[in-house]
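The lines below spell out each chain.
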There are 2 protein chains.
Amino acid sequence: MANPGKAAKAASNPEVAVEGRKVGQVLAAARHIFLEEGYGSASMDAIAREASVSKATLYAYYPSKEALFAACVSEECGKHRIVYEAIEAEHLPIDQALIRVGLQFMRFLLRPEVLAVHRVVVGESGRFPELGRAFYESGPCLIEARTAEFLQHVSERGELEIPNPQVAAELFLAMIKGHVHLRGTLAIAHKLDVAELERFITEAVRVFIAGYQPKS
Amino acid sequence: MANPGKAAKAASNPEVAVEGRKVGQVLAAARHIFLEEGYGSASMDAIAREASVSKATLYAYYPSKEALFAACVSEECGKHRIVYEAIEAEHLPIDQALIRVGLQFMRFLLRPEVLAVHRVVVGESGRFPELGRAFYESGPCLIEARTAEFLQHVSERGELEIPNPQVAAELFLAMIKGHVHLRGTLAIAHKLDVAELERFITEAVRVFIAGYQPKS
DNA sequence: GTCTATAAATGGATAGAC
DNA sequence: GTCTATCCATTTATAGAC
């Protein structure tokens, strides 16, 4: 498995820690340019310039602009897997726990890089269908699954009565997003009032809990 | 106001009924190309070709590609105003009324042209900030306002108890959208099971009503 | 693998005839 | 207003030297 011949190849570069040196620069530059300009407006020249390599080197790694785009955005989607860490709110009362999950969720969604990926993927998913699916499965779908697990535990402990945790998770996450996330993706400068967001999330949690209150 | 000189100018063309003949062709073609290719990948050549005019004519109407794009997408956003007609469900019991509103909402959102506009606007809103705002205000914002009005009436009749109809409308519409709309924008071919959508909406309505049940 | 140089096509935008 | 023809910068992609 280990390759003795070219052992100390990575980790000598301050850039992203992808295998190889230049390929890391290329991917980082591509990421930056594509997320900033979108697929159509981005140019391989700009990427090569920012990566400090020649265009020929780009094409040595990736056979086409499309391939580079797909590789680079797919990788970005994959990262989302890592970010949404396990919910550490199991010990709290249910309303406090859900509020915490909601805030954590929104803090993640509203990160500028996450919004940028969202924009590019939505914008290009008509032309890159696989991309839409990859994004969906490594992002929203995964987060929903984890939230469903959490809700299942909540239901098993009898704190709420949730016959279908999958559907409940979808409703919960959708409520939390509300229009705040949409405004984020639309780049509407809207001095995000954290206190107001918290009030909104609190109301969402209240409605959710009312909907899944145990009957006993 | 009326212009006797060039009276019978419009309405002689099978294309879209915008003022003038060629300008209508241009806008229709631009709409089509931009929505299909996105801003960056679309070309003025392609638009001119599809509109059956020369590029010079394009530039006679609009000074730049950006201007044509903005004009054409803004116009498309404006159309959304019209589509979401007044809610005609006031006479139904509240749960049935809300289910109906939800279905109507989703039928609108999932129309291919509406999804296409959504994709383009989200994709380009990073570079065209005014576009994001125009879309938001003529689409989601307006629909939310109308839904809030409806909920206010419901609350005034005592069917539900809704202290803040604005927030409630946001929660309601967000739940209805769930992940179905996201999958639509991501162009994920997902044989839309209408029966399942109806079940989902029914559950969303159930949770919503539980959250705003009058206390009496 | 990596570069310089360039091919070959297309991009947005315009000049000038009618 | 509309067209043909064209300018010139930029595009994706490649050939060939090192």
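Residues numbered from 1 in each chain as written. Chains lettered and ligands numbered in written order. Predicted model: local features only at pLDDT ≥ 70, side-chain atom pairs only at ≥ 80, totals over all residues. Heavy atoms only, no water.

Focus: the pattern of salt bridges
- In total, this model carries 18 salt bridges over all chains according to the counting rule given.
- Among the ionic pairs, Lys-79 of chain A bridges to Glu-76 of chain A, the shortest N-O distance being 3.2 Å. With a gap of three residues between them, Lys-79 of chain A and Glu-76 of chain A both fall in helix 4 (residues 65–83), about one helical turn apart.
- Accessibility expressed as a relative area gives 6% for Glu-76 of chain A, which makes it buried.
- For the salt bridge of Arg-206 of chain B with Glu-203 of chain B, the shortest nitrogen-to-oxygen distance reads 3.0 Å. (Salt bridge = Lys/Arg side-chain N within 4 Å of Asp/Glu carboxyl O. Helix = DSSP H or I, 4+ residues; strand = E, 2+ residues; numbered from the N terminus. Buried < 20%, exposed > 50% of the residue type's maximum accessible area, 1.4 Å probe, protein only.)

Comments concerning the relation of the copies chain B and chain A
- Mapping chain B onto chain A is achieved by rotating through 180 degrees and translating by 0.0 Å along the same axis, at an RMSD of 0.1 Å. Such a turn and shift between the copies fits a two-fold axis. (Least-squares fit on C-alpha atoms with pLDDT ≥ 70 in both.)

What to know about the interface of chain B and chain A
- Contact with chain B, which involves 45 residues of that partner, is made by 45 residues of chain A.
- Regarding the contact of chain B and chain A, the summed buried area is about 3,800 Å², with carbon and sulfur atoms giving 65% of it.
- On the surface where chain B and chain A come into contact, there are 16 residue pairs in polar contact (both at pLDDT 80 or more).
- Elements with a contribution of two residues or more to the side of chain B that touches chain A: helix 1 (22–41), helix 6 (112–124), helix 7 (129–138), helix 8 (140–156), helix 9 (165–177), helix 10 (180–185) and helix 11 (194–211) of chain B.
- For the side of chain B that touches chain A, the element with the highest residue contribution is helix 11 of chain B, accounting for eight residues.
- Taken together, the residues of the side of chain B that touches chain A break down into 23 nonpolar, 12 polar and 10 charged. (Contact = heavy atoms within 4.5 Å. Buried area = accessible area lost by both parts, 1.4 Å probe. Polar contact = N/O pair within 3.5 Å; in protein donor to acceptor, adjacent residues only side chain to side chain. Nonpolar A, V, L, I, M, F, W, Y, C, P; charged D, E, K, R; others polar.)

Notes on the protein's contact with DNA strand C
- Taken together, 16 residues sit near DNA strand C, with Thr-57 of chain A together with Met-44, Lys-55, Tyr-59 and Lys-65 of chain B positioned nearest.
- Take the atoms of DNA strand C that sit within 4 Å of the protein: sugar and phosphate atoms are 55% of them.
- Side-chain polar atom of Thr-57 of chain A to a phosphate oxygen of DNA strand C: 2.4 Å apart, as the coordinates give it.
- With respect to DNA strand C, the side chain of Tyr-61 of chain A contributes an N or O atom lying 3.0 Å from a phosphate oxygen.
- When contributions to the surface near DNA strand C are tallied by element, the ones reaching two or more residues are helix 3 (55–61) of chain A together with helix 2 (44–51) and helix 3 (55–61) of chain B.
- For the surface near DNA strand C, the class distribution of residues is seven nonpolar, five polar and four charged. (Near = heavy atom within 4 Å.)

With respect to the protein's contact with DNA strand D
- The local shell around DNA strand D holds 16 residues, among which Asp-45, Lys-55 and Tyr-59 of chain A together with Thr-57 and Tyr-61 of chain B are the closest.
- The sugar-phosphate backbone supplies 57% of the atoms of DNA strand D found within 4 Å of the protein.
- The separation between a phosphate oxygen of DNA strand D and a polar main-chain atom of Ser-54 of chain B is 3.1 Å.
- Breaking the surface near DNA strand D down by element, the ones donating at least two residues are helix 2 (44–51) and helix 3 of chain A together with helix 3 of chain B.

Some thoughts on the packing of aromatic side chains
Residue and element names in this part refer to chain A.
- In this structure the tally under the stated criterion is 14 aromatic pairs over all chains.
- A centroid spacing of 4.9 Å and a plane angle of 75 degrees characterise the contact between Phe-34 and Phe-69, whose relative ring orientation is edge-to-face. Remark: Phe-69 occurs in helix 4 and Phe-34 occurs in helix 1 (residues 22–41); sequence separation between them is 35 residues. Across the pair, Phe-69 and Phe-34 agree in class, each one buried.
- Three or more aromatic residues joined by ring pairs form one cluster here, namely Phe-34, Tyr-39, Phe-69 and Phe-128. (Phe/Tyr/Trp six-rings, centres within 6.5 Å; stacked < 30°, edge-to-face > 60°.)

Some remarks on the confidence of the model for chain A
- Model confidence for chain A is summarised by a mean pLDDT of 88, while 87% of its residues fall at 70 or above.
- Between the elements of chain A, mean pLDDT differs from a low of 87, seen in helix 4 of chain A, to a high of 98, seen in helix 9 (residues 165–177) of chain A. (pLDDT = per-residue confidence, 0-100.)

Some remarks on the environment of Glu-198 of chain A
- With respect to the element layout, Glu-198 of chain A can be found in helix 11 (residues 194–211).
- Remark: the alpha-carbon pair of Glu-198 of chain A and Arg-111 of chain A, spanning 87 residues in sequence, is separated by 17 Å.

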